[in-house]
2 protein chains.
Amino acid sequence: MRGGGSDGKVEAEPKSVIRPTDDASLKLARRLVREARHAALSVLEPETGHPFASRVLTGTDVDGVPVILASALSTHTKALLADSRSALLFGEPGRGDPLAWPRITVLCDAERIEHDSESDDRIRSRFLRRHPKAKLYASFLDFAFFRLVPKSASLNGGFGRAYIISGDDLIIASPLNDDIGARELYLIGELEKLGCNLANSLAEHYFKEKTGNWYISGLDADGIDIARKEKLHRLELVNRATDLNGLIAEYSNVLNWFPKN
Amino acid sequence: MRGGGSDGKVEAEPKSVIRPTDDASLKLARRLVREARHAALSVLEPETGHPFASRVLTGTDVDGVPVILASALSTHTKALLADSRSALLFGEPGRGDPLAWPRITVLCDAERIEHDSESDDRIRSRFLRRHPKAKLYASFLDFAFFRLVPKSASLNGGFGRAYIISGDDLIIASPLNDDIGARELYLIGELEKLGCNLANSLAEHYFKEKTGNWYISGLDADGIDIARKEKLHRLELVNRATDLNGLIAEYSNVLNWFPKN
């Protein structure tokens, strides 16, 4: 069944090396995390410490930290409260070989968000714009948000394309975060004033989307998320915004890339 | 943002109960495991014990036990050799809400398969019929198969539809296994004699597949797998086969369900 070699085996695969992290791999890593609507969450089963995996809806906080909404009845909530160490596998395969599609494993420490805290309001608002159907149960007292703070990550861009990404490279450490978090809806409104049907234009221009009804679901110092039903796209700025006027100006420039109507 | 209740909160969700396992949930659990082409694998990082997750191609052994093919260079191989406890999350979401789609978490103990053993030959043959492209690297000495023997499983059939499935319910404990494993290709050939383009007919009749070129990729005492490119379907017998003649006869009866040409 196997060919080659005098002992009937082919030679061993060359030792795969971790490639040096470059702009393209960082960009891919961030997109996989920030564009995801769901992920596989790996935790330790309470008491036994046995590895466990479940599917979770994901969003991001304004600093890029992945967030999940979890029921107190779920195994993963019990697990995260007992041991905050966890991992998220992002990146869904499309057609063809599932291993040819990029994915990233992010090792995280989970932080439970207290109900009605400032963080809860901010995260809830962002999450429910991304996942409107989660409104059905997000207000149940049993449910709480968790921030899954990245510590390190393994990016697999496809066969033999492995990279180590630092946790810091997935976190948006911007002095603008507090301000954006406090008035994200206002800022999104300012963006929408920049062009009519801005989200539709971005969806069509950058992602070849033909349908309308796109909206801006999230904004942070690294870029914006646009959403429509079960689809989500991420637009990353070339450079992280350094002030709020600059942020709006950056997006204003983006609009200049579009042909005039 | 949240409505209802005098404190601005709606009442807590009713405690979700684990539903009693019935034929439908068992059938769903088996289909999710046996029809999968890939899964999220959860393991413990060696040395740290931190949970880790990765994407793996999956197949099944003749007794229904999930199998993976893994490189010695991968984190999950190192992890499984250090601690065999692992979990597989099966069941890919389709369109719409990812949490509305069924999935199953199977807690497993991993067993590495020795190269050139009888088990290796059997598992390799089954796996490569399911994943022909894996031939590119399956013969590398660095790669080995693992059986991930189910110990227990959590089935989530969609919101509020939770079931506990025993490991034994996912294993085909049939006296026919050795015989099927030793001459699976012959038996598949016998099946194919039962009707011309049998796999195509099954694909069309049971799964509304319009394209041809389907083939039988696997056979066991509980049913057969049919494959075409990146697609895989599982056909489960109503009752587990009890002898090999009966097995062929069962499939022969299945064929009677088709209209005559």
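Residues numbered from 1 in each chain as written. Chains lettered and ligands numbered in written order. Predicted model: local features only at pLDDT ≥ 70, side-chain atom pairs only at ≥ 80, totals over all residues. Heavy atoms only, no water.

Take the side chain of Glu35(A) next. Here Glu35(A) is to be found in the loop between helix 1 (23–34) and strand 1 (38–44). Setting aside residues up to four positions removed in sequence, Glu35(A) forms contacts with Arg130(A), Phe207(A), Leu232(A), His233(A) and Arg234(A). (Helix = DSSP H or I, 4+ residues; strand = E, 2+ residues; numbered from the N terminus. Contact = heavy atoms within 4.5 Å.)

This paragraph deals with the sheet that holds strand 9 (residues 223–228) of chain B. Residue and element names in this part refer to chain B. A sheet is described by the order of its strands in space; here three strands give the open sequence 8-9-10, paired in antiparallel fashion. Two strands in the sheet have a free side with no partner beyond their single neighbour: strand 8 (215–220) and strand 10 (231–236). Adjacent strand axes in the sheet meet at a mean angle of 20° when their direction is disregarded. For strand 9 and strand 10, the ladder comprises six bridges, and the chain directions are antiparallel. Looking at the pairing, Gly223 lines up with Glu236 of strand 10. (Pairing = 2+ DSSP bridges. Axes fitted to C-alpha atoms, helices over the stretch in contact; angles between N-to-C directions.)

Superposing chain A onto chain B takes a rotation of 180° plus a shift of 0.0 Å along the axis, which leaves an RMSD of 0.0 Å. Such values leave the two copies arranged in the relation of a two-fold axis. Both copies present the same face, since 100% of the interface residues in chain A are matched by interface residues at the equivalent positions in chain B. (Least-squares fit on C-alpha atoms with pLDDT ≥ 70 in both.)

Let's shift gears to the packing of aromatic side chains. Counted under the stated rule, the structure contains six aromatic pairs over all chains. Note on Phe127(A) and Phe145(A): the rings are 5.2 Å apart at their centroids and 75° apart in plane angle, and the pair reads as edge-to-face. Of the two residues, Phe127(A) sits in helix 3 (residues 118–130) while Phe145(A) sits in strand 7 (residues 143–156), which places them 18 residues apart along the sequence. Summarising the aromatic geometry, the rings of Phe140(B) and Phe143(B) are spaced 6.2 Å apart at their centres and angled 45° between planes, so their arrangement reads as tilted. (Phe/Tyr/Trp six-rings, centres within 6.5 Å; stacked < 30°, edge-to-face > 60°.)

Attention shifts here to empty space enclosed by the protein. Under the counting rule described, the total for this entry stands at four cavities of 30 Å³ or more. Its boundaries defined by the atoms lining it, the largest cavity holds a volume of some 150 Å³. If you go around the largest cavity, you meet 16 residues; those closest to its centre are Ala40(A), Arg55(A), Glu92(A), Ala40(B) and Glu92(B). Elements represented by at least two residues in the lining of the largest cavity include exactly strand 1 of chain A together with strand 1 (38–44) of chain B. Around the second largest cavity sit Gly59(A), Thr60(A), Val67(A), Ile123(A), Arg126(A), Phe127(A), Arg130(A), Ser217(A), Gly218(A) and Asp225(A), which together line it. When contributions to the lining of the second largest cavity are tallied by element, the ones reaching two or more residues are strand 3 (59–60), helix 3 and strand 9 (215–220) of chain A. (1 Å grid on protein atoms, 1.4 Å probe; cavity = no way out; pocket = protein on both sides within 12 Å on 5 of 7 lines; lining within 4 Å. Points joined across faces, edges and corners; volume = space filled by probe spheres on them.)

Right, let's get into the pattern of salt bridges. As enumerated under the stated definition, the model contains 46 salt bridges over all chains in all. Notably, a salt bridge pairs Arg112(A) with Glu114(A), separated by 3.6 Å at the nearest N-O pair. Between Arg234(B) and Glu236(B) there is a salt bridge, with its nearest N and O atoms 2.8 Å apart. Connected via shared salt-bridge partners are Arg34(A), Arg126(A), Arg129(A), Arg130(A), Glu184(A), Asp220(A), Asp222(A), Asp225(A), Arg234(A), Glu236(A) and Arg240(A). (Salt bridge = Lys/Arg side-chain N within 4 Å of Asp/Glu carboxyl O.)

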